[in-house]
Amino acid sequence: MGTLKLLQGNEACAEGALYAGCTFFAGYPITPSTEVAEYLARRLPLIGGAFLQMEDEIAAMAAVIGGSLAGAKTLTATSGPGFSLKQENLGFGMLCEVPCVIVDVMRGGPSTGVPTGPSQSDIMQCKWGTHGDHPVICLTPAYVQEIFSETVRAFNLAERYRTPVIVAFDEIVGHMRERIEIPDKGVLPIENRRRPTCPPSEYMPFDETKGDVPPMADFFSGYRQHITGLNHASDGFPVNASPRIHTDEQRLIRKVEGNRKDIIKYETVMLEDAEVAVFAYGVSGRSGKNAVELAREAGIKAGLFRPLTIWPFPEEEVAALASRVKAIIVPELSLGQIVYEVERCAKGRCPVEGIFRVDGDPITPEQILAKIKEVK
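Everything numeric here is computed off the predicted structure, so don't read it as measured data.

Calculation criteria
Residues numbered from 1 in each chain as written. Predicted model: local features only at pLDDT ≥ 70, side-chain atom pairs only at ≥ 80, totals over all residues. Heavy atoms only, no water. Helix = DSSP H or I, 4+ residues; strand = E, 2+ residues; numbered from the N terminus. Phe/Tyr/Trp six-rings, centres within 6.5 Å; stacked < 30°, edge-to-face > 60°. Buried < 20%, exposed > 50% of the residue type's maximum accessible area, 1.4 Å probe, protein only. Disulfide = S-S within 2.5 Å. 1 Å grid on protein atoms, 1.4 Å probe; cavity = no way out; pocket = protein on both sides within 12 Å on 5 of 7 lines; lining within 4 Å. Points joined across faces, edges and corners; volume = space filled by probe spheres on them. Nonpolar A, V, L, I, M, F, W, Y, C, P; charged D, E, K, R; others polar. Expected span 1.5 Å × (residues − 1). Axes fitted to C-alpha atoms, helices over the stretch in contact; angles between N-to-C directions. Parallel < 35°, antiparallel > 145°, perpendicular 65-115°, else oblique. Left-handed = near helix turned anticlockwise from the far one by under 90°. Contact = heavy atoms within 4.5 Å.

Counting through the fold element by element, Leu44 comes out in the loop between helix H2 (34-43) and strand E3 (50-53). Each C-alpha atom of the pair Leu44 and Thr23 lies 6.5 Å from the other, and the pair is 21 residues apart in sequence.

Two aromatic rings, taken as a pair, are described by how far apart their centres are and by the angle between their planes. Within this structure, the stated rule accounts for eight aromatic pairs. Seen from their ring centres, Tyr19 and Phe148 are 5.6 Å apart, and the 70° between their planes marks the pair as edge-to-face. Of this pair, Tyr19 sits in helix H1 (residues 9-20) while Phe148 sits in helix H6 (residues 144-161), placing them 129 residues apart in sequence. Considered together, Tyr19 and Phe148 belong to a single accessibility category, that of buried residues. Ring geometry for Phe219 against Phe220: centres 6.0 Å apart, planes inclined by 85°, an arrangement best described as edge-to-face. Residue Phe220 is classed as exposed on the basis of its relative accessible area, which comes to 76%.

With that settled, consider the state of the cysteines. For the coordinates displayed, the defined rule picks out zero disulfides. Counting only cysteine sulfurs, Cys22 is the nearest neighbor of Cys100, a cysteine outside any disulfide, at a range of 11 Å. Of the cysteine sulfurs around Cys350, a residue in no disulfide, the closest is that of Cys345, at 11 Å. Note on Cys350: relative accessible area 8%, which makes it buried.

A few words now on the environment of Gly48. Examined against the element boundaries, Gly48 turns out to sit in the loop between H2 and E3. For Gly48, a relative accessible area of 68% translates into the label exposed. Distance in space between the C-alpha atoms of Gly48 and Thr23 is 7.5 Å, their sequence separation being 25 residues.

Okay, the layout of surface pockets next. Volume-wise, the largest pocket comes out at about 350 Å³. Lining the largest pocket we find 24 residues, and of these Arg107, Gly108, Gly109, Pro110 and Ser121 sit closest to its centre. Looking at the lining of the largest pocket residue by residue, the classes come out as seven nonpolar, twelve polar and five charged. In this structure, the second largest pocket spans a volume of roughly 240 Å³. Looking at the second largest pocket, it is lined by 14 residues, and the ones nearest its centre are Gly91, Phe92, Leu95, His131 and Gly229. When residues of the lining of the second largest pocket are traced back to their parent elements, those giving at least two are helix H4 (80-95) and helix H8 (242-257). The greatest single-element share of the lining of the second largest pocket, amounting to five residues, is contributed by H4. Residue composition of the lining of the second largest pocket, by class: four nonpolar, seven polar and three charged.

With that settled, consider H1. A rise of 1.5 Å per residue sets the reference length of H1, with its twelve residues, at 16 Å; its end C-alpha atoms lie 16 Å apart and thus fit the reference within 8%. Summarising burial for H1: twelve of the twelve residues are buried, a large majority. Listed in full, the buried residues belonging to H1 are Gly9, Asn10, Glu11, Ala12, Cys13, Ala14, Glu15, Gly16, Ala17, Leu18, Tyr19 and Ala20.

Helix-helix packing is described using two parameters, namely the angle between the two axes and the distance between the axes. Remark: helix H11 (residues 315-322) packs on helix H12 (residues 338-346), axes separated minimally by 8 Å, with the N-to-C direction vectors making an angle of 70°. Here H11 lies roughly perpendicular to H12, going by the angle between them. Judged by the twist between their axes, the crossing of H11 over H12 is right-handed. Of H12, the residues touching H11 (which contributes Glu315, Val318, Ala319 and Ala322) are Val342, Arg344, Cys345 and Ala346. Residue composition of the contact of H11 with H12, grouped by class: six nonpolar, no polar and two charged.

Okay, structure coming up:
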């Protein structure tokens, strides 16, 4: 039995980071993610870790990249406007293959928008926010317990695949309080990046001959490093040879897309005989689960598909689902983003209907139930 606590979602995120071995946080206060920073500002110094409030969001993203290169497990937390500012350095982290975790507690937008209201409109920015082709892993927990466990998983994925990992949840889940269990140490597996075993003289920081995820040495450990945002050769120095650029960027994508079965995680509820499916994540997934239960009480065969990994997108699973239901309903706190991904994967096998809301309130189970009755 672990330790039972009544925690806010943001606090559970901080606890998950500590459980995973995070020892460095850099960030800038922004509603509705500030509690992550406040919690770690108290806790990290007690374990010999470091907390830095940076001058802005750009510097915060740069700091967590630097901390990771020096060997620490690092975290930053932000919300919509700050997430926008992090994008250039996030792309740098992806190209330079730097493991770190970025938490985005989504709020209404664009611009300053609704700082204290929920949103799910950053979800495409998680995928396409920075420029160029790049790998993306983004997790979408819906419950406070899941925020804890998915934050741990985010660190494990970042270390395993040597890449930044995003955890995106909405303001409601971030500020909701629920009882959670923090497992004893050793119950949840904790992973660390693969480090080189060769002598420093033989080390190449981006040596593709060592696999899609090359070993990573820490700065100041005796291994020479050259880190640049330019496309680079195995030694890290810039290269303009097009064959190398092409094959290396393919490797970056492959180390994520080629491991989809390991990365993609989801929950299904009563989908076995469902005729109508609800595809929803975050707080909308919570409403979707309740709506499916209400539909079943009314004699309607409805089911829920709730992704905990939104990127890579569960394409095969959605395609299979679309082949056996009459319709898929996609409720989301935006004016329509993930609905188009579901449509793309359904490929006309069944109708896909969206429910959109951006007024600062969540989509209710009753709204989803009404749509279920409409399309059944």
